[in-house]
Amino acid sequence: MEKRYDVTALGELLIDFTENGLSGQGNPLFEANPGGAPCNVLAMMNRLGKKTAFIGKVGQDQFGRTLKASLEELGIGTENLLLDKNVHTTLAFVHTAEDGDRDFSFYRKPGADMMIAAEEVQEDLIASSRVFHFGTVSMTDEPTRGATVKALEYAKKHQVMVTFDPNLRPPLWRNLQEAKEQIWYGLSQCSAVKMSEEELEFITGERSLDRGVEAVRNRFEIPLICITMGRQGSKAYYGDLAVEKAGFVQEHTIETTGAGDTFCASMINYLLDHGIEGLTEKDLEEMLTFANAAASIITTRKGALRVMPTVEEVLELLK
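Small disclaimer: the values here were computed from a predicted structure and weren't measured. (Residues numbered from 1 in each chain as written. Predicted model: local features only at pLDDT ≥ 70, side-chain atom pairs only at ≥ 80, totals over all residues. Heavy atoms only, no water.)

Colleague: Break down the packing of aromatic side chains for me, citing the residues and quoting the values.
Modeller: Applying the stated criterion to the full structure yields eight aromatic pairs. Relative to tyrosine 107, the ring of phenylalanine 93 lies with its centre 5.4 Å away and its plane at 75°, an arrangement referred to as edge-to-face. Taken as a pair, phenylalanine 93 in strand S6 (residues 91-96) and tyrosine 107 in strand S7 (residues 102-107) lie far apart in primary sequence, 14 residues in all. With 6.1 Å between their ring centres and 10° between their planes, phenylalanine 132 and phenylalanine 134 make a pair best called stacked. Directly above the aromatic system of tryptophan 184 lies the positively charged group of arginine 219, at a separation of 4.0 Å from the ring centroid. (Phe/Tyr/Trp six-rings, centres within 6.5 Å; stacked < 30°, edge-to-face > 60°. Helix = DSSP H or I, 4+ residues; strand = E, 2+ residues; numbered from the N terminus. Lys NZ or Arg CZ within 6 Å of the ring centre and 35° of its normal.)

Colleague: Describe the nonpolar core, naming the residues involved and giving the relevant values.
Modeller: It is characteristic of soluble globular proteins that their nonpolar side chains tend to be buried jointly. By size, the foremost hydrophobic cluster in this structure holds 51 residues, and its most contacted members are Leu224, Ile268 and Met287. The greatest single-element share of this core, amounting to ten residues, is contributed by helix H9 (residues 281-298). Leave out the neighbours within four places in its chain, and methionine 287 touches Leu224, Cys226, Ala236, Met267 and Tyr270. Phe132, Phe164, Trp173 and Cys190 belong to the second-largest nonpolar core, a separate cluster that totals 46 residues. (Core = buried A, V, L, I, M, F, W, Y, C linked by side-chain atoms within 4.5 Å. Buried < 20%, exposed > 50% of the residue type's maximum accessible area, 1.4 Å probe, protein only. Contact = heavy atoms within 4.5 Å.)

Colleague: Kindly report on unusual backbone geometry, identifying the contributing residues and their values.
Modeller: Leaving glycine out, the prevailing phi sign among residues is negative, and the prevailing peptide bond configuration is trans. Here the amide bond leading from lysine 109 into proline 110 is cis, since omega sits at -5°, within 30 degrees of zero. Mapped onto the elements, proline 110 comes out in the loop between S7 and helix H3 (123-127). Omega for the peptide link from glutamate 142 to proline 143 comes to 5°, which places this bond in the cis form. Inspection of the secondary structure puts proline 143 in the loop between strand S8 (129-135) and helix H4 (144-157). The residue glutamine 159 is not glycine, and still its phi comes out positive at about 55°. Among the secondary structure elements, glutamine 159 is positioned in the loop between H4 and strand S9 (161-165). The phi dihedral of asparagine 167 falls on the positive side, at around 45°, and the residue is not glycine. By secondary structure assignment, the location of asparagine 167 is in the loop between S9 and helix H5 (176-189).

Listed below in structure tokens is the structure:
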């Protein structure tokens, strides 16, 4: 089948309310930013010149219409973005700590992103994509878990490469054992994964990256495993290779929203450009360096979806 899209992603599309100073009365002000990890990844892929589409559901409300318009404005395909007239768009309030780290409060019991069902996933959209990308926020509840599983079946049937980012959000799970099981399921389905060091430790119990990755590989043969370590940088495991690159520390870091998604998009972009076969140490270094730089730029901006860095901005930083 003709590949119309480079990457199609399924998952959550929501409004991230991020802190933006105080009102005249001293009350915290929040800015409504379009968000959701899979769409952040797609927004960055578009910046890198790739063609993308999104599968998901938002409410038929003001927020949902705003989100759909945002994706269309960014050039992300919305033919499989549905509007739910019964359930509101999911909201997340993001509280930022001094060091830029975040704490999330979700309004999602249920939220529209949880309501997409297996029969609403368009098979031809996945079949006509080079990569299918997903995370675990779409695995927390039915029917969206069934929709994710169905999408993965379509990807396998049409030999579409699968990439995965666990993107663990503990408040969204009934219990963390279930979260762990769904992350392991995600790992069983993918050819490349981007995980944070905290997520790796969460599922394996190992504090050492090498031992954690070994524990994952003992269960599943995943060609490429990338682990992000915040400001410390990242590490890629591929075959017998383990390559680590330092991060780019920005003096103007505001918050870390979207940093992992920007990194993830850069990883997927590298695989689209170079394939996943026969990568060398030099390839992995090149991939990590670009991804680290791109991720560091997004930490200097509020939100993520609309403010992803351009190739030129990343190359300028690399100079």
